[in-house]
Amino acid sequence: MLWFQGAIPAAIATAKRSGAVFVVFVAGDDEQSTQMAASWEDDKVTEASSNSFVAIKIDTKSEACLQFSQICILSVKNGLYIYIYLPSFWLIYEI
């Protein structure tokens, strides 16, 4: 996965502007996070998602995770959050 290098608000703005799916991967220290990270780092996933996703990876213990939890309407825990922006609202999926 080509992870977005800027701040969360910039990633959101980029996704909205480009019509891309906004993906947030909240990584922890557990086995599930390790497996999920390995899946996202696969070359095929990177190639397939490079033009249609704006993705960020944040650690559960980071300042970015705290900021995300203040923006996100869901309780933030290890996992994957997918946001699809439609003209007037976001569709939100928690995996």
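The preceding data block contains the structure.
Here the structure is a predicted model, which means the values were calculated and not measured.

Chemist: Go over helix H1 (residues 8-18), please, and point to the residues and values.
Modeler: Every buried residue of H1 is accounted for by Ile-8, Ala-11, Ile-12 and Ala-15. Buried residues of H1 fall within an arc of 100° about the axis and therefore sit on the same side. More than 90 degrees from the buried face of H1, the exposed residues found are Pro-9 and Arg-17.

Chemist: Explain the pattern of salt bridges to me, using residue names and the numbers behind them.
Modeler: Per the stated rule, a full pass over the model turns up one salt bridge. The residue Asp-29 makes a salt bridge to Lys-61 at a minimum N-O spacing of 2.7 Å. Of this pair, Asp-29 sits in the loop between strand E1 (21-27) and helix H2 (31-40) while Lys-61 sits in the loop between strand E2 (53-59) and helix H4 (63-71); the two residues are 32 residues apart in sequence, bridging distant segments of the chain. A residue is classified by how much of its surface remains accessible, and Lys-61, at 65% relative accessible area, is exposed.

Chemist: Any chance you could break down the nonpolar core for me, citing the residues and the numbers?
Modeler: Ranked by internal contacts, the top residues of the largest apolar core, which has 13 residues, are Phe-22, Val-24, Val-26, Val-54, Ile-56, Ile-58 and Phe-68. Listing elements by their share of this core, those giving two or more residues are H1, E1, E2 and H4. Every residue in contact with Ile-56, bar those within four places of it in the chain, is listed here: Trp-3, Phe-4, Ile-8, Ala-11, Phe-22, Val-23, Val-24 and Phe-25. One finds Phe-25, Ala-27, Trp-40 and Ile-82 within the second-largest nonpolar core, a separate group that totals 10 residues.

Chemist: Go over the environment of Gln-5 with me, naming the residues and quoting the values.
Modeler: By the element assignment, Gln-5 lies in the segment before H1. Residue classification places Gln-5 among the exposed positions, given a relative accessible area of 73%. Considering only alpha carbons, one finds Gln-5 and Lys-57, 52 residues apart in sequence, at a separation of 9.3 Å. In terms of polar contacts, Gln-5 uses its side chain to reach the backbone carbonyl oxygen of Trp-3, at 2.9 Å.

What counts, and where the lines are drawn
- Along each chain, the written sequence defines residue order, and numbers are assigned to residues from 1.
- Where totals are concerned, whole chains, interfaces and linings use all residues; where local detail is concerned, this predicted model gives features only for residues with pLDDT of at least 70, and gives and counts side-chain atom pairs only at 80 or more.
- Side-chain measures here rest on the full set of heavy atoms in the structure, leaving out hydrogens and waters.
- Relative accessibility thresholds used throughout: buried, under 20% of the residue-type maximum; exposed, over 50%; partly exposed, between the two (1.4 Å probe, protein chains only).
- Runs of E in the DSSP output that reach at least two residues are strands. Runs of H or I that reach at least four are helices, and both are numbered from the N terminus.
- Directions drawn from the helix axis to the C-beta atoms are what define this arc.
- Just to be clear on terms, a salt bridge is a Lys or Arg side-chain nitrogen sitting within 4 Å of an Asp or Glu carboxyl oxygen.
- Definition used in this section: a nonpolar core is a set of buried Ala, Val, Leu, Ile, Met, Phe, Trp, Tyr and Cys residues joined via side-chain atoms within 4.5 Å.
- By the convention used here, residues are in contact when the closest approach between their heavy atoms is within 4.5 Å.
- Under this definition, polar contacts are N or O atom pairs within 3.5 Å; protein pairs additionally need one hydrogen-donor-capable and one acceptor-capable atom, and for neighbouring residues in sequence, both atoms have to be side-chain atoms.

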